[in-house]
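# Per-entry structural report
Each chain, letter by letter, is given below.
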Amino acid sequence: MSYDEFIKKYFPYDSFRKGQFEVIKDVLEAFESYDYVVLGAGTGFGKSAVARTILDYKTVEEYNDAYLLTSTKMLQEQYYDECKSNEHHVKYNIAKGRGNFACREHDMKTTCSHGACQDSSEKYDCGYGMIGNDPRNNGGCYYWEQKGNAIKSDVAIMNYDVLLSDYPNHYKFRNLMVLDEAHNIDAKVMARVGLTLNQQRLHDVVGFRLDDADYKEKDINYWVKRLKELEEILADHILNNYKYYHSKREMDQIRRLSDSISKRVNEIEFDPNFWFVNPLPYEKKMIIKPRDVSGYVKPLLLDNAEKHLFMSGSIIDKTNFVKYLGLSDDDVYYAHAESTFDMKKNNPIIKKLCGGLTYRNKEKTLPKTYPIIEEILREHQGEKGIIHCNSREFRDKIMNNVHTNRFLTYDSSIEKEALLDYFKESEYDNVIVAYSLEEGVDLPYNNINFQIIFKVPYPFLGDAQVKARKDADNDWYIIETIRKMVQIQGRGMRAEDDYCTNYVLDSSFNGLIRNKLCPKSFKECVV
């Protein structure tokens, strides 16, 4: 049977969107010669249908097993709902972290993150624990049941964080890895490689204090000494746990942090100019991270599978994307598909520029933005929308100075999920004032009809690592900003007959769309 026949057999819908058949065939043929295939596909192309066709074909015809990686739990659920029932009997299962499940041993009163087995200071024999990878006859622990099913599945649907933190403890090497929202890989690996020192947590668990002087110190050599001090304290707690009576959860955290510090100290001492310190005194945290993670992506993530399909609707520049993954251009096959939507007509970008919103200009510009926002709100009376602020500071300014009773907002990821559920169901013309809703949110049709991009989302140059990376590679800085703008634009148009009007208030937008890296398809939407 030829690829043409296989594609028709495994495609999950009755008909193909424009270009889907050709792209699926292109990817399958590319896998004969390449281990890495990048699919850049515009809004509305239907990447999930492409992924599912390839996964089902590879699983059934080539006896492969696979990882399907996404960036959010919402996208995991979306994939699972689409894939869980399929005529080819391919087993798709979700793998989520402990915090998503209620502990049966604690009568459902806590999550499994704080379950009986985690809070005990000794080995705990849970009546709902797993036997190997199988649940007990009583149904078993909800967390271990789903994890066991994912381990045994043909396709494990996971977010990047779960695989990065767990492989190879329980999950094994697989034949294929599909990496959706692949533009997030850089940030996900950076979060894994970087060290975050939480003052309250360290003090409560091992008695290590971060004082005021620490938050003023950005010299990496100073922090090598401090990290070694912390490493000695952690080693003492690991060796003499009987004196401290830590819970299993705390001991796991201590061991992971000790292992990370040991690795990072060696790497910092090898090349101290590659590492940077970002003090966050208001959050009582210190973050230490490398300039970039191109040397970490392959060993920490990509080496967990043989073949890889990277998918994204916002790969701004192929050469740079591949470079940030630590791969060679010659080792990667690139497939591309344009959006099938009329973005210029149904998802236009309208400039309502008020001035610059940099640290130097924001106090002068802010008062000009409030009446413009009120004008846009009046124009879209009866319609839902989002204001993308790019920071909590601007979120608070808008909430306090724009006169309306339509605003909703959030202060945590848990609140955000609950708010989005309410927002989708609500009949009111609410407007979410957001600082982190650029992607991973599906809001089709009347869920939102307009968006206000308050500030162009340039990475924060007050972060020493961001500044160093920009100085070394200004293209990265521009690409990262354009990528976020493309993602924001795509939140409001999810189908061919959907529409959403986008407004930009930040005058720095003019310079961005003049940049040579800005895609033609994005520029054409500006009216």
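If you're wondering where the values come from, they're calculated on a predicted model, not measured in any experiment.

Note that Tyr244 resides in helix H12 (residues 241-244). Separated by 39 residues in sequence, Tyr244 and Val205 have C-alpha atoms that sit 9.2 Å apart.

Look at Tyr63: it is not a glycine, yet its phi comes out positive at around 55°. Relative to the helices and strands, Tyr63 is located in the loop between helix H3 (47-61) and strand S2 (66-70). Even without a glycine there, the phi angle at Glu181 is positive, about 50°.

Now for the pairing of S2. Looking along a regular strand, one sees the side chains alternate between the two faces of the sheet. When you tally the buried positions in S2, you get five out of five residues, the bulk of the element. Burial of the side chains of S2 extends over both faces: Ala66, Leu68 and Thr70 are buried on one face and Tyr67 and Leu69 on the other. As paired elements, S2 and strand S4 (residues 155-159) share five bridges and run parallel to each other. Residue pairing for S4: Leu69 is matched across the bridge by Met158. In this structure, S2 lies alongside strand S5 (residues 174-179), joined through four bridges in parallel fashion. What sits directly across from Leu68, in S5, is Val178.

One pass over the full model with this rule turns up 18 aromatic pairs. On the basis of an interplanar angle of 25° and a centroid distance of 5.6 Å, the ring pair of Tyr458 and Tyr477 is categorised as stacked. Taken as a pair, Tyr458 in the loop between strand S15 (450-453) and helix H20 (464-472) and Tyr477 in helix H21 (residues 474-490) lie far apart in primary sequence, 19 residues in all. Each member of the pair Tyr458 and Tyr477 is classed as buried. Here the aromatic cluster, defined as three or more aromatic residues joined through ring pairs, consists of Tyr3, Phe6, Tyr10 and Tyr57.

Further remarks concern the sheet that holds strand S11 (residues 349-355). Strand order across the open sheet formed by six strands is S11-S16-S15-S12-S14-S13, with parallel pairing between neighbours. Each having just a single partner strand, S11 and strand S13 (407-408) make up the two edges of the open sheet. Pairing geometry for strand S12 (residues 385-388) and S15, over four bridges, is parallel. Residue pairing across strands places Ile386 opposite Gln451, the latter belonging to S15. Its contacts with the sheet place helix H18 (residues 392-401) against S12, S13 and strand S14 (431-434), and it is angled at close to 140° to S14.

Looking now at the packing of helix H2 (residues 20-30) against H3. Look at H2 against H3: their axes get within 10 Å of each other, and the N-to-C directions meet at 45°. On the basis of the axis angle, H2 is oblique to H3. The way H2 lies across H3 gives a crossing that is right-handed. Packed against H2, whose contacting residues are Gln20, Val23, Ile24, Val27 and Leu28, the element H3 presents Ala49, Val50, Thr53, Ile54, Tyr57 and Lys58 at the interface. Counted by class, the contact of H2 with H3 contains eight nonpolar, two polar and one charged residues.

What follows covers the confidence of the model for the protein chain. Any region with low pLDDT has predicted coordinates that should not be read closely. For the protein chain, the average pLDDT comes to 92, and 97% of its residues sit at 70 or higher. Ranking the elements of the protein chain by mean pLDDT puts H12 last with 72 and S5 first with 98.

Attention shifts here to helix H17 (residues 362-379). End to end, H17 covers 25 Å across 18 residues, agreeing with the expected 26 Å (1.5 Å per residue, within 8%). Along H17, the largest kink reaches about 25° and is centred on Lys368; proline Pro371 follows within four residues of it. Residues Lys362, Thr365, Leu366, Thr369, Tyr370, Ile373, Glu374, Ile376 and Leu377 constitute the buried set of H17.

For H3, with 15 residues, the first-to-last C-alpha span of 21 Å sits near the 21 Å given by 1.5 Å per residue. Within H3, twelve of the 15 residues are buried, which leaves it mostly tucked inside the rest of the structure. All of the buried residues along H3 are Lys47, Ala49, Val50, Ala51, Arg52, Thr53, Ile54, Leu55, Asp56, Tyr57, Lys58 and Thr59. Directly beyond the C-terminal end of H3, a positive phi value near 55° is found at Tyr63.

Now for the sheet that holds strand S8 (residues 285-290). Pairing is antiparallel across the open sheet formed by three strands, whose spatial order is S6-S8-S7. For this open sheet the edge positions go to strand S6 (195-198) and strand S7 (275-280), each flanked by a neighbour on one side alone. Averaged over all adjacent pairs, the angle separating strand axes in this sheet is 15°, with direction ignored. Where S7 and S8 come together, six bridges link them in antiparallel fashion.

Before going further, it helps to examine the environment of Asp506. Tracing the backbone through its elements, the reader meets Asp506 in strand S16 (residues 501-506). For Asp506, a relative accessible area of 2% corresponds to the buried category. Considered as a pair, Asp506 and Lys218 are 288 residues apart in the sequence and their alpha carbons are 31 Å apart. When sequence neighbours within four positions are dropped, the list of residues in contact with Asp506 reads Leu353, Gly355, Gly356, Leu357, Ile453, Phe454, Lys455 and Val456. There is a polar contact of 3.0 Å between the side chain of Asp506 and the backbone nitrogen of Val456.

A word on the state of the cysteines. Under the definition given, this model contains zero disulfides. Note on Cys389: no disulfide assigned, nearest cysteine sulfur contributed by Cys354 at a separation of 13 Å.

Moving on to the packing of helix H9 (residues 199-206) against helix H13 (residues 248-270). Relative orientation of the contacting elements H9 and H13 amounts to 115°, with a least axis distance of 11 Å. Note that H9 runs across H13; the crossing there is left-handed. Of the residues in H13, those touching H9 at Arg201, Leu202, Val205 and Val206 are Arg249, Glu250, Gln253, Ile254 and Leu257. Of the residues that constitute the contact of H9 with H13, the class distribution is five nonpolar, one polar and three charged.

Moving on to the pattern of salt bridges. For the structure shown, the criterion picks out 34 salt bridges. Note that Lys228 is salt-bridged to Glu269, the shortest N-O span being 2.7 Å. Residue Lys228 is found in helix H11 (residues 220-239), and its partner Glu269 is found in helix H13; the two are separated by 41 residues along the sequence. Connected via shared salt-bridge partners are Arg392, Arg395, Asp396 and Asp411.

Here is what the cut-offs are and how they apply
- Residues numbered from 1 in each chain as written.
- Predicted model: local features only at pLDDT ≥ 70, side-chain atom pairs only at ≥ 80, totals over all residues.
- Heavy atoms only, no water.
- Helix = DSSP H or I, 4+ residues; strand = E, 2+ residues; numbered from the N terminus.
- Buried < 20%, exposed > 50% of the residue type's maximum accessible area, 1.4 Å probe, protein only.
- Pairing = 2+ DSSP bridges.
- Phe/Tyr/Trp six-rings, centres within 6.5 Å; stacked < 30°, edge-to-face > 60°.
- Contact = heavy atoms within 4.5 Å.
- Axes fitted to C-alpha atoms, helices over the stretch in contact; angles between N-to-C directions.
- Parallel < 35°, antiparallel > 145°, perpendicular 65-115°, else oblique.
- Left-handed = near helix turned anticlockwise from the far one by under 90°.
- Nonpolar A, V, L, I, M, F, W, Y, C, P; charged D, E, K, R; others polar.
- pLDDT = per-residue confidence, 0-100.
- Expected span 1.5 Å × (residues − 1).
- Bend = angle between axes of the 7 residues up to and from the residue.
- Polar contact = N/O pair within 3.5 Å; in protein donor to acceptor, adjacent residues only side chain to side chain.
- Disulfide = S-S within 2.5 Å.
- Salt bridge = Lys/Arg side-chain N within 4 Å of Asp/Glu carboxyl O.

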